[in-house]
Amino acid sequence: MEIIKYPQREQWKAIMERPYTDNGAVLDTVRHVLREVRRNGDAALLELARRFDGAELAKLEADAVEIQSAEAALAPSLKTAIRAAAANIEAFHRGQLREEAAVETAPGIRCWRRSVGIERVGLYIPGGSAPLFSTVLMLGIPARLAGCAEVVLCTPPGKDGKVHPAILYAASLCGISRVVKAGGAGAIAALAYGTDTIPRVDKIFGPGNQYVTAAKQLVQQEGVAIDMPAGPSEVCVLADAAAQAAYIAADLLSQAEHGPDSQVLLLTDSEALIVNVEAELECQVAALPRGTIARKALERSRIVLLRSLDEAMELANAYAAEHLILQCADAEARAEQVRNAGSVFIGAWSPESAGDYATGTNHTLPTNGFARASSGVSTDSFVRKITFQQLTREGLQGIAATVTEMAEAEGLQAHAEAVRVRLR
Ligand SMILES: NC(=O)c1ccc[n+]([C@@H]2O[C@H](COP(=O)([O-])OP(=O)(O)OC[C@H]3O[C@@H](n4cnc5c(N)ncnc54)[C@H](O)[C@@H]3O)[C@@H](O)[C@H]2O)c1
Ligand SMILES: N[C@H](CO)Cc1c[nH]c[nH+]1
Ligand SMILES: [Zn+2]
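The model shown is predicted, which means the values in this text are computed figures rather than measured ones.

What follows covers the sheet that holds strand 5 (residues 150-155). Across the sheet, which stays open at both edges, the five strands sit in the order 6-5-4-7-8 with parallel pairing between neighbours. Among the strands making up the open sheet, the edge pair consists of strand 6 (178-181) and strand 8 (225-226). The pairing of strand 4 (residues 120-124) with strand 7 (residues 203-205) spans three bridges and is parallel. By the bridge assignment, Leu123 is partnered in strand 7 with Phe205. Along the sheet, helix 8 (residues 210-221) contacts strand 4, strand 7 and strand 8; its crossing angle with strand 7, the most-contacted strand, is approximately 165°.

Structure follows, in C-alpha coordinates:
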(Lines give C-alpha, C1' and ligand atoms only; values in the text may rest on other atoms or scores of the structure.)
(Ligands and ions follow the chains in the order given, each with its own letter.)
Protein backbone atom coordinates (compact mmCIF):
# COMPACT_ATOMS: atom_id res chain seq x y z
CA MET A 1 0.00 0.00 0.00
CA GLU A 2 1.16 3.50 -0.73
CA ILE A 3 1.93 5.45 2.46
CA ILE A 4 1.27 9.17 2.51
CA LYS A 5 2.49 11.12 5.54
CA TYR A 6 1.02 14.39 6.75
CA PRO A 7 -0.51 15.39 3.40
CA GLN A 8 -1.34 19.02 2.65
CA ARG A 9 -5.01 19.78 1.84
CA GLU A 10 -4.10 20.10 -1.87
CA GLN A 11 -3.15 16.40 -1.81
CA TRP A 12 -6.51 15.20 -0.49
CA LYS A 13 -8.13 15.11 -3.93
CA ALA A 14 -5.47 12.68 -5.17
CA ILE A 15 -5.77 10.56 -2.00
CA MET A 16 -9.51 10.22 -2.51
CA GLU A 17 -9.28 9.17 -6.14
CA ARG A 18 -10.67 5.71 -6.86
CA PRO A 19 -8.73 3.38 -9.18
CA TYR A 20 -9.35 4.71 -12.67
CA THR A 21 -10.63 2.39 -15.33
CA ASP A 22 -11.14 3.62 -18.86
CA ASN A 23 -14.45 1.96 -19.69
CA GLY A 24 -14.63 3.10 -23.32
CA ALA A 25 -13.99 -0.42 -24.61
CA VAL A 26 -16.37 -1.87 -22.00
CA LEU A 27 -19.14 0.47 -23.14
CA ASP A 28 -18.65 -0.59 -26.79
CA THR A 29 -18.90 -4.27 -25.83
CA VAL A 30 -21.94 -3.63 -23.65
CA ARG A 31 -23.78 -1.63 -26.37
CA HIS A 32 -23.19 -4.55 -28.72
CA VAL A 33 -24.52 -7.09 -26.18
CA LEU A 34 -27.60 -4.94 -25.46
CA ARG A 35 -28.36 -4.78 -29.21
CA GLU A 36 -27.92 -8.56 -29.59
CA VAL A 37 -30.36 -9.32 -26.77
CA ARG A 38 -32.89 -6.74 -27.95
CA ARG A 39 -32.82 -8.28 -31.44
CA ASN A 40 -32.47 -12.00 -30.73
CA GLY A 41 -33.83 -12.40 -27.18
CA ASP A 42 -33.40 -15.86 -25.68
CA ALA A 43 -31.23 -17.08 -28.58
CA ALA A 44 -28.76 -14.26 -27.86
CA LEU A 45 -28.69 -15.15 -24.14
CA LEU A 46 -27.94 -18.80 -24.91
CA GLU A 47 -25.09 -17.69 -27.19
CA LEU A 48 -23.73 -15.25 -24.55
CA ALA A 49 -23.74 -18.04 -21.93
CA ARG A 50 -21.68 -20.13 -24.35
CA ARG A 51 -19.28 -17.26 -25.14
CA PHE A 52 -18.69 -15.74 -21.69
CA ASP A 53 -19.60 -18.46 -19.20
CA GLY A 54 -18.57 -21.53 -21.21
CA ALA A 55 -22.01 -23.05 -20.59
CA GLU A 56 -24.17 -24.99 -23.07
CA LEU A 57 -27.71 -24.38 -21.89
CA ALA A 58 -30.79 -26.31 -22.98
CA LYS A 59 -33.00 -23.67 -21.36
CA LEU A 60 -32.49 -20.40 -19.57
CA GLU A 61 -34.53 -20.87 -16.40
CA ALA A 62 -33.54 -23.15 -13.53
CA ASP A 63 -36.31 -25.74 -13.27
CA ALA A 64 -38.02 -27.13 -10.17
CA VAL A 65 -35.74 -30.20 -10.10
CA GLU A 66 -32.58 -28.07 -10.08
CA ILE A 67 -34.01 -25.79 -7.40
CA GLN A 68 -35.08 -28.70 -5.17
CA SER A 69 -31.81 -30.60 -5.57
CA ALA A 70 -29.89 -27.46 -4.51
CA GLU A 71 -31.16 -27.85 -0.96
CA ALA A 72 -29.87 -31.41 -0.77
CA ALA A 73 -26.49 -30.38 -2.19
CA LEU A 74 -25.73 -27.91 0.61
CA ALA A 75 -24.09 -28.76 3.93
CA PRO A 76 -26.57 -28.44 6.83
CA SER A 77 -24.20 -25.99 8.55
CA LEU A 78 -24.30 -23.65 5.54
CA LYS A 79 -28.10 -23.83 5.39
CA THR A 80 -28.25 -22.99 9.09
CA ALA A 81 -25.94 -20.02 8.53
CA ILE A 82 -27.98 -18.74 5.57
CA ARG A 83 -31.19 -19.01 7.58
CA ALA A 84 -29.64 -17.20 10.57
CA ALA A 85 -28.39 -14.38 8.34
CA ALA A 86 -31.78 -14.19 6.60
CA ALA A 87 -33.55 -13.82 9.98
CA ASN A 88 -31.38 -10.83 10.95
CA ILE A 89 -31.70 -9.21 7.53
CA GLU A 90 -35.46 -9.68 7.65
CA ALA A 91 -35.69 -8.19 11.16
CA PHE A 92 -33.72 -5.08 10.20
CA HIS A 93 -35.55 -4.53 6.91
CA ARG A 94 -38.97 -5.20 8.44
CA GLY A 95 -38.25 -2.36 10.88
CA GLN A 96 -38.01 -0.04 7.88
CA LEU A 97 -41.67 -0.61 6.97
CA ARG A 98 -43.46 2.25 8.65
CA GLU A 99 -47.04 3.36 8.41
CA GLU A 100 -47.11 7.11 8.10
CA ALA A 101 -49.94 9.02 9.71
CA ALA A 102 -52.19 11.16 7.51
CA VAL A 103 -51.65 14.90 8.01
CA GLU A 104 -54.42 17.51 8.03
CA THR A 105 -52.44 20.32 6.40
CA ALA A 106 -55.37 22.75 6.74
CA PRO A 107 -59.00 22.31 7.85
CA GLY A 108 -60.69 19.96 5.39
CA ILE A 109 -57.46 18.94 3.59
CA ARG A 110 -56.06 15.53 4.40
CA CYS A 111 -52.78 14.25 2.85
CA TRP A 112 -51.09 10.89 3.24
CA ARG A 113 -48.56 8.54 1.64
CA ARG A 114 -48.78 4.84 0.98
CA SER A 115 -45.83 2.61 0.10
CA VAL A 116 -46.62 0.33 -2.81
CA GLY A 117 -44.17 -2.38 -3.89
CA ILE A 118 -42.70 -1.99 -7.37
CA GLU A 119 -44.59 -4.49 -9.53
CA ARG A 120 -41.73 -6.21 -11.35
CA VAL A 121 -38.12 -6.17 -10.14
CA GLY A 122 -34.98 -7.83 -11.46
CA LEU A 123 -32.15 -8.89 -9.16
CA TYR A 124 -28.64 -9.41 -10.53
CA ILE A 125 -26.48 -11.76 -8.49
CA PRO A 126 -22.79 -11.80 -9.43
CA GLY A 127 -21.37 -15.20 -10.14
CA GLY A 128 -18.21 -14.65 -12.17
CA SER A 129 -15.42 -14.91 -9.64
CA ALA A 130 -17.48 -15.81 -6.54
CA PRO A 131 -21.13 -16.90 -6.21
CA LEU A 132 -22.45 -14.08 -4.01
CA PHE A 133 -25.46 -15.87 -2.54
CA SER A 134 -25.44 -13.42 0.39
CA THR A 135 -26.52 -10.77 -2.13
CA VAL A 136 -29.66 -12.85 -2.87
CA LEU A 137 -30.73 -12.30 0.75
CA MET A 138 -29.82 -8.60 0.65
CA LEU A 139 -32.08 -8.01 -2.36
CA GLY A 140 -34.66 -10.78 -2.13
CA ILE A 141 -35.72 -10.12 1.48
CA PRO A 142 -36.53 -6.40 1.07
CA ALA A 143 -38.24 -7.17 -2.27
CA ARG A 144 -40.54 -9.64 -0.51
CA LEU A 145 -41.20 -7.32 2.45
CA ALA A 146 -42.01 -4.46 0.07
CA GLY A 147 -44.60 -6.61 -1.68
CA CYS A 148 -43.06 -6.70 -5.18
CA ALA A 149 -45.40 -8.86 -7.25
CA GLU A 150 -42.84 -10.36 -9.62
CA VAL A 151 -39.17 -10.97 -8.79
CA VAL A 152 -36.78 -12.31 -11.44
CA LEU A 153 -33.25 -13.26 -10.48
CA CYS A 154 -30.44 -13.43 -13.05
CA THR A 155 -27.04 -14.95 -12.37
CA PRO A 156 -24.34 -16.41 -14.63
CA PRO A 157 -24.36 -20.21 -14.96
CA GLY A 158 -21.32 -22.28 -14.14
CA LYS A 159 -19.54 -24.20 -16.92
CA ASP A 160 -21.81 -27.16 -16.10
CA GLY A 161 -24.82 -25.03 -16.97
CA LYS A 162 -26.01 -24.97 -13.37
CA VAL A 163 -26.61 -22.21 -10.87
CA HIS A 164 -24.64 -22.44 -7.62
CA PRO A 165 -26.87 -24.36 -5.14
CA ALA A 166 -26.47 -21.74 -2.42
CA ILE A 167 -27.88 -19.08 -4.78
CA LEU A 168 -30.88 -21.32 -5.47
CA TYR A 169 -31.36 -22.12 -1.79
CA ALA A 170 -31.20 -18.43 -0.78
CA ALA A 171 -33.61 -17.59 -3.62
CA SER A 172 -36.10 -20.21 -2.37
CA LEU A 173 -35.86 -18.80 1.16
CA CYS A 174 -36.80 -15.39 -0.27
CA GLY A 175 -39.74 -16.85 -2.19
CA ILE A 176 -38.09 -16.29 -5.59
CA SER A 177 -39.06 -18.96 -8.09
CA ARG A 178 -37.77 -17.44 -11.34
CA VAL A 179 -34.01 -17.90 -11.60
CA VAL A 180 -32.53 -17.13 -15.01
CA LYS A 181 -29.11 -18.36 -16.09
CA ALA A 182 -27.75 -15.18 -17.61
CA GLY A 183 -24.78 -13.06 -16.60
CA GLY A 184 -23.19 -9.70 -17.36
CA ALA A 185 -24.68 -7.17 -19.77
CA GLY A 186 -26.87 -9.86 -21.38
CA ALA A 187 -28.74 -10.37 -18.11
CA ILE A 188 -29.30 -6.65 -17.66
CA ALA A 189 -30.55 -6.37 -21.26
CA ALA A 190 -32.99 -9.26 -20.73
CA LEU A 191 -34.37 -7.64 -17.58
CA ALA A 192 -34.63 -4.24 -19.27
CA TYR A 193 -36.20 -5.29 -22.59
CA GLY A 194 -37.73 -8.69 -21.82
CA THR A 195 -37.44 -11.79 -24.00
CA ASP A 196 -39.81 -14.66 -24.80
CA THR A 197 -39.05 -16.30 -21.45
CA ILE A 198 -37.88 -13.39 -19.29
CA PRO A 199 -40.31 -10.65 -18.34
CA ARG A 200 -39.25 -7.03 -18.66
CA VAL A 201 -38.94 -5.43 -15.20
CA ASP A 202 -39.48 -1.93 -13.84
CA LYS A 203 -36.32 -1.70 -11.74
CA ILE A 204 -33.01 -3.57 -11.75
CA PHE A 205 -31.01 -4.18 -8.57
CA GLY A 206 -27.65 -5.68 -7.74
CA PRO A 207 -23.92 -5.29 -7.96
CA GLY A 208 -21.66 -6.74 -10.62
CA ASN A 209 -18.51 -6.23 -12.62
CA GLN A 210 -17.80 -3.36 -15.01
CA TYR A 211 -19.97 -4.92 -17.76
CA VAL A 212 -22.95 -5.19 -15.43
CA THR A 213 -22.48 -1.67 -14.07
CA ALA A 214 -22.10 -0.15 -17.56
CA ALA A 215 -25.18 -2.03 -18.82
CA LYS A 216 -27.25 -0.80 -15.86
CA GLN A 217 -26.21 2.77 -16.58
CA LEU A 218 -27.06 2.44 -20.30
CA VAL A 219 -30.51 0.89 -19.78
CA GLN A 220 -31.24 3.56 -17.17
CA GLN A 221 -30.88 6.14 -19.94
CA GLU A 222 -33.58 4.19 -21.79
CA GLY A 223 -36.03 4.53 -18.92
CA VAL A 224 -35.50 1.45 -16.72
CA ALA A 225 -34.88 2.34 -13.08
CA ILE A 226 -31.77 1.00 -11.33
CA ASP A 227 -30.81 0.88 -7.66
CA MET A 228 -27.44 2.62 -7.96
CA PRO A 229 -24.12 2.16 -9.71
CA ALA A 230 -22.64 -0.26 -7.11
CA GLY A 231 -19.06 -0.60 -8.27
CA PRO A 232 -15.94 -2.24 -6.88
CA SER A 233 -16.00 -2.73 -3.10
CA GLU A 234 -14.17 -0.33 -0.80
CA VAL A 235 -13.49 0.20 2.89
CA CYS A 236 -11.97 3.02 4.93
CA VAL A 237 -10.60 2.27 8.40
CA LEU A 238 -10.10 5.12 10.85
CA ALA A 239 -7.87 4.03 13.71
CA ASP A 240 -5.80 5.40 16.57
CA ALA A 241 -2.68 4.07 18.31
CA ALA A 242 -4.72 1.79 20.58
CA ALA A 243 -6.28 -0.14 17.69
CA GLN A 244 -5.33 -3.76 16.99
CA ALA A 245 -3.14 -3.95 13.88
CA ALA A 246 -4.23 -7.55 13.22
CA TYR A 247 -7.91 -6.55 13.13
CA ILE A 248 -7.23 -3.63 10.81
CA ALA A 249 -5.20 -5.75 8.38
CA ALA A 250 -7.93 -8.40 8.34
CA ASP A 251 -10.61 -5.78 7.64
CA LEU A 252 -8.59 -4.22 4.82
CA LEU A 253 -7.99 -7.65 3.26
CA SER A 254 -11.64 -8.62 3.54
CA GLN A 255 -12.53 -5.97 0.99
CA ALA A 256 -9.30 -6.21 -1.03
CA GLU A 257 -10.08 -9.86 -1.80
CA HIS A 258 -13.26 -8.89 -3.69
CA GLY A 259 -11.38 -7.86 -6.81
CA PRO A 260 -8.22 -6.20 -8.11
CA ASP A 261 -10.24 -3.00 -8.52
CA SER A 262 -11.33 -2.89 -4.86
CA GLN A 263 -9.85 -0.05 -2.82
CA VAL A 264 -8.99 0.06 0.87
CA LEU A 265 -7.85 3.03 2.91
CA LEU A 266 -6.35 3.35 6.39
CA LEU A 267 -6.46 6.77 8.07
CA THR A 268 -4.58 7.14 11.34
CA ASP A 269 -2.62 9.51 13.54
CA SER A 270 -0.20 6.80 14.68
CA GLU A 271 3.01 6.04 12.80
CA ALA A 272 3.64 2.97 14.99
CA LEU A 273 0.26 1.52 14.00
CA ILE A 274 1.16 1.84 10.32
CA VAL A 275 4.32 -0.23 10.81
CA ASN A 276 2.35 -2.94 12.61
CA VAL A 277 -0.49 -3.00 10.08
CA GLU A 278 1.97 -3.36 7.19
CA ALA A 279 3.60 -6.35 8.90
CA GLU A 280 0.18 -7.92 9.58
CA LEU A 281 -0.95 -7.37 6.00
CA GLU A 282 2.10 -9.17 4.64
CA CYS A 283 1.63 -12.06 7.00
CA GLN A 284 -2.15 -12.41 6.52
CA VAL A 285 -2.27 -11.95 2.75
CA ALA A 286 0.19 -14.81 2.26
CA ALA A 287 -2.35 -17.20 3.79
CA LEU A 288 -5.31 -16.14 1.65
CA PRO A 289 -6.53 -18.27 -1.27
CA ARG A 290 -7.42 -15.01 -3.05
CA GLY A 291 -4.12 -13.43 -2.00
CA THR A 292 -3.12 -12.54 -5.58
CA ILE A 293 -6.34 -10.60 -6.10
CA ALA A 294 -5.99 -8.90 -2.71
CA ARG A 295 -2.37 -7.89 -3.43
CA LYS A 296 -3.45 -6.22 -6.67
CA ALA A 297 -6.10 -4.23 -4.79
CA LEU A 298 -3.55 -3.26 -2.10
CA GLU A 299 -1.25 -1.90 -4.80
CA ARG A 300 -3.97 0.64 -5.64
CA SER A 301 -4.73 1.42 -1.98
CA ARG A 302 -3.40 3.90 0.56
CA ILE A 303 -2.40 4.40 4.18
CA VAL A 304 -2.53 8.02 5.28
CA LEU A 305 -0.83 9.42 8.39
CA LEU A 306 -2.62 12.52 9.63
CA ARG A 307 -1.86 15.12 12.25
CA SER A 308 -4.84 14.21 14.42
CA LEU A 309 -7.86 11.92 14.48
CA ASP A 310 -10.06 14.97 13.87
CA GLU A 311 -8.24 15.53 10.61
CA ALA A 312 -8.60 11.81 9.79
CA MET A 313 -12.34 12.08 10.41
CA GLU A 314 -12.55 15.03 8.06
CA LEU A 315 -10.76 13.07 5.33
CA ALA A 316 -13.03 10.05 5.92
CA ASN A 317 -16.08 12.27 5.43
CA ALA A 318 -14.60 13.75 2.26
CA TYR A 319 -13.78 10.26 0.88
CA ALA A 320 -17.36 8.96 1.52
CA ALA A 321 -16.48 5.28 1.68
CA GLU A 322 -18.86 2.45 0.96
CA HIS A 323 -17.86 1.05 4.39
CA LEU A 324 -16.31 3.03 7.23
CA ILE A 325 -14.78 1.21 10.20
CA LEU A 326 -14.06 3.18 13.37
CA GLN A 327 -11.38 1.53 15.50
CA CYS A 328 -10.47 4.16 18.02
CA ALA A 329 -10.97 4.79 21.71
CA ASP A 330 -13.92 7.14 21.21
CA ALA A 331 -15.56 5.20 18.36
CA GLU A 332 -19.17 5.93 19.42
CA ALA A 333 -18.54 9.67 19.65
CA ARG A 334 -16.76 9.54 16.29
CA ALA A 335 -19.77 7.76 14.78
CA GLU A 336 -21.82 10.87 15.55
CA GLN A 337 -19.43 12.87 13.36
CA VAL A 338 -19.94 10.68 10.29
CA ARG A 339 -21.49 12.68 7.46
CA ASN A 340 -20.70 10.55 4.41
CA ALA A 341 -20.52 6.74 4.34
CA GLY A 342 -22.55 3.82 3.04
CA SER A 343 -22.44 1.82 6.29
CA VAL A 344 -20.47 2.34 9.52
CA PHE A 345 -18.85 -0.26 11.79
CA ILE A 346 -18.21 0.96 15.31
CA GLY A 347 -15.44 -0.35 17.55
CA ALA A 348 -13.07 -3.29 17.61
CA TRP A 349 -15.83 -5.93 17.69
CA SER A 350 -17.51 -4.78 14.50
CA PRO A 351 -15.74 -6.24 11.46
CA GLU A 352 -17.10 -5.18 8.09
CA SER A 353 -17.60 -8.78 7.04
CA ALA A 354 -20.23 -9.17 9.80
CA GLY A 355 -22.32 -6.61 7.92
CA ASP A 356 -21.59 -8.25 4.57
CA TYR A 357 -23.40 -11.35 5.77
CA ALA A 358 -25.33 -11.29 8.93
CA THR A 359 -25.76 -8.23 11.17
CA GLY A 360 -28.93 -7.41 9.26
CA THR A 361 -27.90 -4.24 7.42
CA ASN A 362 -27.80 -4.29 3.62
CA HIS A 363 -24.46 -4.82 1.88
CA THR A 364 -25.54 -3.27 -1.44
CA LEU A 365 -24.08 0.15 -0.85
CA PRO A 366 -22.96 3.23 -2.79
CA THR A 367 -19.31 3.13 -3.86
CA ASN A 368 -17.03 5.61 -5.62
CA GLY A 369 -18.08 8.57 -3.44
CA PHE A 370 -21.80 8.17 -4.26
CA ALA A 371 -22.37 7.88 -0.47
CA ARG A 372 -22.21 11.71 -0.49
CA ALA A 373 -25.70 11.74 -1.99
CA SER A 374 -27.07 8.18 -2.03
CA SER A 375 -28.05 5.52 0.50
CA GLY A 376 -27.62 1.78 0.30
CA VAL A 377 -30.41 -0.56 -0.72
CA SER A 378 -33.25 -0.81 1.79
CA THR A 379 -36.91 -1.81 1.81
CA ASP A 380 -37.62 1.72 0.54
CA SER A 381 -35.68 0.97 -2.64
CA PHE A 382 -38.40 -1.54 -3.60
CA VAL A 383 -41.41 0.70 -3.11
CA ARG A 384 -42.93 3.79 -4.58
CA LYS A 385 -44.45 6.19 -2.10
CA ILE A 386 -47.70 7.31 -3.62
CA THR A 387 -49.19 10.46 -2.16
CA PHE A 388 -52.93 10.90 -1.68
CA GLN A 389 -55.05 13.92 -0.77
CA GLN A 390 -58.71 14.40 -0.10
CA LEU A 391 -60.42 17.76 0.27
CA THR A 392 -63.84 18.62 1.61
CA ARG A 393 -65.81 21.55 0.12
CA GLU A 394 -64.59 23.67 3.05
CA GLY A 395 -61.03 22.50 2.45
CA LEU A 396 -61.19 23.61 -1.18
CA GLN A 397 -62.75 26.92 -0.21
CA GLY A 398 -59.91 27.44 2.25
CA ILE A 399 -57.15 27.17 -0.38
CA ALA A 400 -59.07 28.42 -3.43
CA ALA A 401 -57.55 31.91 -3.36
CA THR A 402 -54.05 30.52 -2.90
CA VAL A 403 -54.36 28.18 -5.87
CA THR A 404 -56.08 30.60 -8.26
CA GLU A 405 -53.69 33.43 -7.43
CA MET A 406 -50.63 31.24 -8.09
CA ALA A 407 -52.11 29.58 -11.19
CA GLU A 408 -52.88 32.93 -12.81
CA ALA A 409 -49.45 34.27 -11.96
CA GLU A 410 -48.00 31.27 -13.81
CA GLY A 411 -50.31 32.02 -16.74
CA LEU A 412 -52.25 28.77 -16.29
CA GLN A 413 -55.88 29.86 -16.36
CA ALA A 414 -57.32 26.33 -16.69
CA HIS A 415 -55.72 25.40 -13.38
CA ALA A 416 -57.55 28.24 -11.68
CA GLU A 417 -60.85 27.35 -13.39
CA ALA A 418 -60.70 23.77 -12.10
CA VAL A 419 -61.06 25.24 -8.61
CA ARG A 420 -63.59 27.99 -9.47
CA VAL A 421 -65.93 25.67 -11.37
CA ARG A 422 -66.50 23.70 -8.18
CA LEU A 423 -67.22 26.69 -5.95
CA ARG A 424 -69.48 28.72 -8.25
N1 LIG B 1 -20.69 -2.69 -4.35
C2 LIG B 1 -21.30 -3.79 -3.98
O3 LIG B 1 -22.29 -3.76 -3.25
C4 LIG B 1 -20.76 -5.14 -4.44
C5 LIG B 1 -21.20 -6.31 -3.81
C6 LIG B 1 -20.72 -7.52 -4.28
C7 LIG B 1 -19.85 -7.57 -5.38
N8 LIG B 1 -19.43 -6.42 -5.95
C9 LIG B 1 -18.59 -6.44 -7.14
O10 LIG B 1 -19.22 -7.27 -8.12
C11 LIG B 1 -18.24 -7.72 -9.02
C12 LIG B 1 -18.50 -9.20 -9.41
O13 LIG B 1 -17.89 -9.45 -10.65
P14 LIG B 1 -17.72 -10.90 -11.34
O15 LIG B 1 -16.96 -10.70 -12.60
O16 LIG B 1 -17.19 -11.83 -10.32
O17 LIG B 1 -19.18 -11.40 -11.65
P18 LIG B 1 -20.38 -10.85 -12.54
O19 LIG B 1 -21.50 -11.81 -12.37
O20 LIG B 1 -20.64 -9.41 -12.24
O21 LIG B 1 -19.89 -10.93 -14.07
C22 LIG B 1 -19.79 -12.11 -14.82
C23 LIG B 1 -20.33 -11.84 -16.22
O24 LIG B 1 -19.56 -10.80 -16.84
C25 LIG B 1 -19.64 -10.95 -18.26
N26 LIG B 1 -18.32 -10.87 -18.86
C27 LIG B 1 -17.17 -11.43 -18.42
N28 LIG B 1 -16.16 -11.16 -19.28
C29 LIG B 1 -16.69 -10.42 -20.28
C30 LIG B 1 -16.14 -9.84 -21.47
N31 LIG B 1 -14.87 -9.93 -21.78
N32 LIG B 1 -16.98 -9.14 -22.26
C33 LIG B 1 -18.29 -9.00 -21.96
N34 LIG B 1 -18.85 -9.54 -20.85
C35 LIG B 1 -18.05 -10.24 -20.03
C36 LIG B 1 -20.23 -12.31 -18.54
O37 LIG B 1 -21.53 -12.15 -19.06
C38 LIG B 1 -20.26 -13.01 -17.18
O39 LIG B 1 -21.38 -13.84 -17.05
C40 LIG B 1 -16.89 -7.44 -8.37
O41 LIG B 1 -16.32 -6.32 -9.05
C42 LIG B 1 -17.25 -7.04 -6.92
O43 LIG B 1 -16.37 -6.10 -6.33
C44 LIG B 1 -19.88 -5.21 -5.53
N1 LIG C 1 -18.57 -6.41 0.57
C2 LIG C 1 -19.48 -6.56 -0.55
C3 LIG C 1 -20.08 -5.20 -0.86
O4 LIG C 1 -19.13 -4.27 -1.11
C5 LIG C 1 -20.59 -7.52 -0.30
C6 LIG C 1 -20.20 -8.95 -0.08
C7 LIG C 1 -20.84 -10.05 -0.51
N8 LIG C 1 -20.16 -11.11 -0.03
C9 LIG C 1 -19.19 -10.68 0.69
N10 LIG C 1 -19.18 -9.37 0.64
ZN1 LIG D 1 -17.47 -8.17 1.15
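Before going further, it helps to examine the coordination of the zinc ion (ligand 3). At this site the zinc ion (ligand 3) is bound by His258 (NE2) and Asp356 (OD), with donor distances of 2.1 Å. Given four donor atoms and angles of 87 to 178° at the metal, the environment of the zinc ion (ligand 3) is assigned as irregular. Separated by 98 residues along the polypeptide, His258 in the loop between helix 9 (245-256) and strand 10 (263-268) and Asp356 in helix 14 (residues 352-357) bring together distant segments of the chain. Overall, His258 belongs to the partly exposed group, its relative accessible area being 34%. With a relative accessible area of 10%, Asp356 lands in the buried category.

This chain's UniProt record puts "active site" (unreviewed entry) on Glu322 and His323. In this structure, Glu322 sits in the loop between helix 12 (309-319) and strand 12 (323-327). Here His323 is to be found in strand 12. Note on His323: relative accessible area 2%, which makes it buried. There is a polar contact of 2.8 Å between the side chain of His323 and the backbone oxygen of Glu234.

Moving on to helix 6 (residues 165-173). Regarding helix 6, the residues found buried are Ala166, Ile167, Leu168, Tyr169, Ala170 and Ala171. Structurally, helix 6 contributes buried residues whose contacts are with helix 3 (64-73), helix 4 (76-94), helix 5 (133-146), strand 5 and strand 6. Just downstream of helix 6, Gly175 is the residue with a positive phi angle, here 80°.

To continue, consider the site of ligand 1. Taken together, 27 residues lie near ligand 1, and Asp53, Tyr124, Gly127, Ser129 and Asn209 sit nearest. Between an oxygen atom of ligand 1 and a main-chain N or O atom of Gly183, the distance comes to 3.4 Å. Note that a nitrogen atom of ligand 1 is positioned 3.3 Å from one of the side-chain N or O atoms of Tyr211. Taken by itself ligand 1 offers 880 Å² of open surface, and the protein chains cover 84% of this. When contributions to the shell around ligand 1 are tallied by element, the ones reaching two or more residues are helix 2 (24-53) and helix 8. Considering every element that reaches the shell around ligand 1, the biggest residue donor is helix 2, with three residues. Of the residues belonging to the shell around ligand 1, the class tally is eleven nonpolar, 14 polar and two charged.

What follows is about the sheet that holds strand 3 (residues 109-117). Overall, antiparallel pairing links the three strands, which are arranged 2-3-14 in an open sheet. A strand with exactly one partner marks an edge of an open sheet, and here the two such strands are strand 2 (103-106) and strand 14 (383-391). Looking at each pair of strands side by side, their axes are set apart by 30° on average, direction ignored. Pairing analysis gives nine bridges linking strand 3 to strand 14, with the strands arranged antiparallel. Across the sheet, the residue bridging to Arg113 is Thr387, located in strand 14. Against the sheet, helix 15 (residues 393-409) touches strand 3 and strand 14, its axis set at about 95° to strand 14.

Moving on: the site of ligand 2. Taken together, Leu132, Ser134, Ser233, Gln255, His258, Glu322, His323, Glu352, Asp356, Tyr357 and His363 make up all the residues around ligand 2. Within the side chain of Asp356, a nitrogen or oxygen atom sits 2.9 Å from a nitrogen atom of ligand 2. Within the complex, the protein chains bury 92% of what would otherwise be the 290 Å² of accessible surface of ligand 2. At three residues, the largest contribution of residues to the shell around ligand 2 is made by helix 14. Within the shell around ligand 2, the residues separate by chemical class into two nonpolar, six polar and three charged.

Attention now goes to the side chain of Ser134. Examined against the element boundaries, Ser134 turns out to sit in helix 5. When near neighbours in sequence (up to four residues on either side) are disregarded, Ser134 contacts Asp356, Tyr357 and His363.

Take the UniProt feature "binding site: substrate" (unreviewed entry) in the protein chain next. UniProt's feature table lists "binding site: substrate" (unreviewed entry) at Ser233, Gln255, His258, His323, Asp356, Glu410 and His415, given in the numbering used throughout. Spatial dispersion of the annotated residues is evident: they stretch over 183 residues in sequence, and the largest pairwise C-alpha distance comes to 55.4 Å. Residues within four places of His258 in sequence aside, it is in contact with Ser129, Ser233, Arg290, Ile293 and Asp356. Overall, Glu410 belongs to the exposed group, its relative accessible area being 63%.

Conventions used here
- Residues numbered from 1 in each chain as written.
- Chains lettered and ligands numbered in written order.
- Predicted model: local features only at pLDDT ≥ 70, side-chain atom pairs only at ≥ 80, totals over all residues.
- Heavy atoms only, no water.
- Pairing = 2+ DSSP bridges.
- Helix = DSSP H or I, 4+ residues; strand = E, 2+ residues; numbered from the N terminus.
- Contact = heavy atoms within 4.5 Å.
- Axes fitted to C-alpha atoms, helices over the stretch in contact; angles between N-to-C directions.
- Donors = N, O, S within 2.8 Å, 3.2 Å for Na, K, Ca; no water.
- Tetrahedral: all angles 85-135°; square planar, octahedral: opposite > 155°, others 65-115°.
- Buried < 20%, exposed > 50% of the residue type's maximum accessible area, 1.4 Å probe, protein only.
- UniProt positions renumbered as here; feature names shortened; annotations may be inferred.
- Polar contact = N/O pair within 3.5 Å; in protein donor to acceptor, adjacent residues only side chain to side chain.
- Near = heavy atom within 4 Å.
- Areas by Shrake-Rupley, 256 points an atom, 1.4 Å probe, with all protein chains shown as cover.
- Nonpolar A, V, L, I, M, F, W, Y, C, P; charged D, E, K, R; others polar.

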